[in-house]
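Inside the fold
One-letter residues, chain by chain:
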Amino acid sequence: MKTALYWFTEDLRLHDNVALNSTLYACDEIIFVYVLDEYLLKPTNYNHVHVGDIRLKFIKESLADLSDQLQQLGYELQVFRGETNTVLKNLVTTNDVDIIGCHHSVGLYERRNLSILQSQLPDKRFICQNNNLLFGSKQVEPNVLNGSFSKFRKKTAQTAVYEPVESVLTDTLPRPLSYEGERLEHWRFYLESNSSKGPSVFCGGERKALLEVESYFNTDAALSYKQTRNELEGHTNSTKFSPYLALGNISPREIVANLKRFEHQHGANDSTYWIFFEILWREFFHHKAILKGSKLFEFSGESGKRPLTTYYPQRFLSWCNGETSYPLVNALMKELNATGFMSNRGRQIVASCLVNELQVDWRYGAAFFQQQLVDYDVASNWGNWQYIAGVGDDPKGGRHFNINKQAEMYDPNGAFVRKWSPNKSVWISETDIADWPQEV
Ligand SMILES: Cc1cc2nc3c(=O)[nH]c(=O)nc-3n(C[C@H](O)[C@H](O)[C@H](O)COP(=O)(O)OP(=O)(O)OC[C@H]3O[C@@H](n4cnc5c(N)ncnc54)[C@H](O)[C@@H]3O)c2cc1C
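Not measured: the values here are computed from a predicted model.

**Some words on the overall build of the protein**
- Each helix and strand counted, the protein has 18 helices and six strands in total.
- The proportion of buried residues among the 440 residues of the protein is 57%.
- Of the contacts made within the protein by residues no fewer than 6 positions apart, 80% connect residues no fewer than 24 positions apart.
- On the protein, roughly 19,500 Å² of surface is accessible, and the fraction owed to carbon and sulfur atoms is 50%.

In structure tokens, the structure reads:
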């Protein structure tokens, strides 16, 4: 008789979850666990928390959906709060668990913690697989990752993307393990009372994610994605799959399978290819994150070159609050703070502004995004920031967006700025003017 514990992390779903399926095949009894780690709610080195209110709400919704699905099959999702390894070790010991299954994250902190847990439980079998990538690590040769995205894209163009797999969990096998241990009994209430009631465009959960993907491909939006993806607003101008991918409500393979079906029915064009192209960027940053380790978070990044920025607290604060001398940047930051989302073009503009116009250390911007973004993903966030700051693997060496030009192109009538920053008087105060590095 083998007993297993499946520990959900950034894979809050049942379908196309290879680590979960492998664990299910290996055991007779199982317990499903999620740990809300205390550290997530504590400040980072940059004085922001790891998970802000909007993402916390999204996590809660994802857990509620997972819990409901498990309940329908006769299982329970046990939610704990505490230090992850302590919680897991207690559960494993008190319940005599033989196997621990989990998603193998690309995050450095998560990988370190998993290694520590493995060393603390040397007699236990661990089944850890990355559930959130298109390609397995054996499909991507390390030399492909030494270089730019173009090299990665060309080399992986012919690499097979495996079909997503169905869940093998049924209402008869394996049996739910009757377990011992203190859990967070009222986690739904607990998470509710700790999450924002503010407006969020997104609602988390696997079933919601599958519906969103289905409804996106039920329209013609994918056929013009390449032309619309840079717009600052509009729900179908880009796919809006990122929050679901970040929390693992859906896998990239499931999205690619849907994309292929769409191409089969409606024909492939530049735009449908470009959706795949963008998902490849995500793939690139994820594989890179494993390779880079702590370099992902270093000031001089992967390039080893220290950029000409430092830390100006007042400028940084004004940027965070959307109170700089740049109306477009302010509107974008206000959108981010209110909704947890910003378009890709918006992210590029505000990141470039922080690094180039305001000359602030890029890592503060990345940490603020980490707190605010509903779709925060360690590899995509820190990887993109490195690109903008010119410390990534970018042959162009950093990006500087002309804010006025961007405003002319993407907000020609000022509608976006008016929507998010109706009160122009807060853009800049008399005392701030001297602090700005350009004429206002
Ligand atoms: C400074 C900065 C920080 C970012 N932080 C994050 C982050 O924390 N999490 C995150 O998911 N994305 C991040 N991105 C990438 C990108 O902005 C978002 O993935 C995208 O805006 C999400 O909207 P969408 O799902 O509609 O994207 P679409 O345009 O529809 O793209 C489809 C999918 O491709 C992937 N993708 C698209 N662009 C990129 C990109 N540049 N890098 C990596 N993957 C990409 C995403 O998974 C996205 O869901 C960041 C970009 C910048 C410039």
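**Considering the pairing of strand 1 (residues 3–8)**
- Among the six residues in strand 1, six count as buried, and that is most of the element.
- Burial of strand 1 is two-sided: the residues T3, L5 and W7 facing one way and the residues A4, Y6 and F8 facing the other way are all buried.
- Sheet topology places strand 1 next to strand 2 (residues 29–37); six bridges connect them, and they run parallel. Paired with F8 across the two strands is Y34, which belongs to strand 2.
- Note that strand 1 and strand 4 (residues 99–103) share four bridges and pair parallel. Its bridge partner lying in strand 4, L5 is registered against I100.

**Brief notes about the UniProt feature "binding site: FAD" (unreviewed entry) in the protein**
- Per the UniProt annotation, the sites labelled "binding site: FAD" (unreviewed entry) are Y225, S238, T239, K240, F241, S242, D375, Y376 and D377.
- Assignment of secondary structure puts Y225 in helix 8 (residues 225–228).
- Overall, the relative accessible area of 7% leaves Y225 in the buried class.
- When sequence neighbours within four positions are dropped, the list of residues in contact with Y225 reads Y216, N237, S238, T239, S271, W274, I275 and E278.
- The residue K240 is located in the loop between helix 8 and helix 9 (242–246) in this model.
- With residues near it in sequence (within four places) discarded, K240 still touches F202, G234, H235 and F341.

**Examining the state of the cysteines**
- Evaluation of the coordinates by the stated rule reveals zero disulfides.
- Not part of a disulfide, C102 finds its nearest cysteine sulfur in C128, a span of 3.7 Å.

**Focus on the packing of helix 13 (residues 327–339) against helix 14 (residues 344–357)**
- Close contact between helix 13 and helix 14 brings their axes to 10 Å; oriented N to C, the two are set at 120°. The orientation of helix 13 with respect to helix 14, classified from their angle, is oblique. Crossing of helix 13 against helix 14: the hand is left-handed. Contact with helix 13, carried on its side by L328, V329, L332 and M333, involves G346, I349, V350 and C353 of helix 14 and no other residues of that element.
- Tallied by class, residues from the contact of helix 13 with helix 14 come to seven nonpolar, one polar and no charged.

**Looking at the packing of aromatic side chains**
- Within the structure shown, the criterion is met by 37 aromatic pairs.
- Pairing F217 with F262 gives two aromatic rings, centres 5.6 Å apart and planes at 45°, and the pair type is tilted. Of this pair, F217 sits in helix 7 (residues 206–217) while F262 sits in helix 10 (residues 252–266); the two residues are 45 residues apart in sequence, bridging distant segments of the chain.
- On the basis of relative accessible area, F217 is assigned to the buried category, the value being 7%.
- With relative accessibility at 2%, the residue F262 sits in the buried group.
- Ring geometry for F284 and F285: centres 5.5 Å apart, planes at 50°, overall tilted.

**Some details on the nonpolar core**
- Core analysis: the biggest nonpolar cluster contains 110 residues, and F8, F32 and W319 have the highest contact counts within it.
- Considering each element in turn, this core owes the most residues, nine residues, to helix 11 (residues 270–292).
- Grouped together as the second largest cluster of nonpolar side chains are 18 residues, L5, L91, V92 and L114 included.

**Focus: the pattern of salt bridges**
- Tallying each qualifying case throughout the model produces 13 salt bridges.
- The shortest N-O distance in the salt bridge between D270 and K226 comes to 3.8 Å. Of this pair, D270 sits in helix 11 while K226 sits in helix 8, placing them 44 residues apart in sequence.
- Three or more residues are tied together by salt bridges with common partners; here these are K288, K292, E302 and D393.

Thresholds applied
- Residues numbered from 1 in each chain as written.
- Predicted model: local features only at pLDDT ≥ 70, side-chain atom pairs only at ≥ 80, totals over all residues.
- Heavy atoms only, no water.
- Helix = DSSP H or I, 4+ residues; strand = E, 2+ residues; numbered from the N terminus.
- Buried < 20%, exposed > 50% of the residue type's maximum accessible area, 1.4 Å probe, protein only.
- Contact = heavy atoms within 4.5 Å.
- Areas by Shrake-Rupley, 256 points an atom, 1.4 Å probe, with all protein chains shown as cover.
- Pairing = 2+ DSSP bridges.
- UniProt positions renumbered as here; feature names shortened; annotations may be inferred.
- Disulfide = S-S within 2.5 Å.
- Axes fitted to C-alpha atoms, helices over the stretch in contact; angles between N-to-C directions.
- Parallel < 35°, antiparallel > 145°, perpendicular 65-115°, else oblique.
- Left-handed = near helix turned anticlockwise from the far one by under 90°.
- Nonpolar A, V, L, I, M, F, W, Y, C, P; charged D, E, K, R; others polar.
- Phe/Tyr/Trp six-rings, centres within 6.5 Å; stacked < 30°, edge-to-face > 60°.
- Core = buried A, V, L, I, M, F, W, Y, C linked by side-chain atoms within 4.5 Å.
- Salt bridge = Lys/Arg side-chain N within 4 Å of Asp/Glu carboxyl O.

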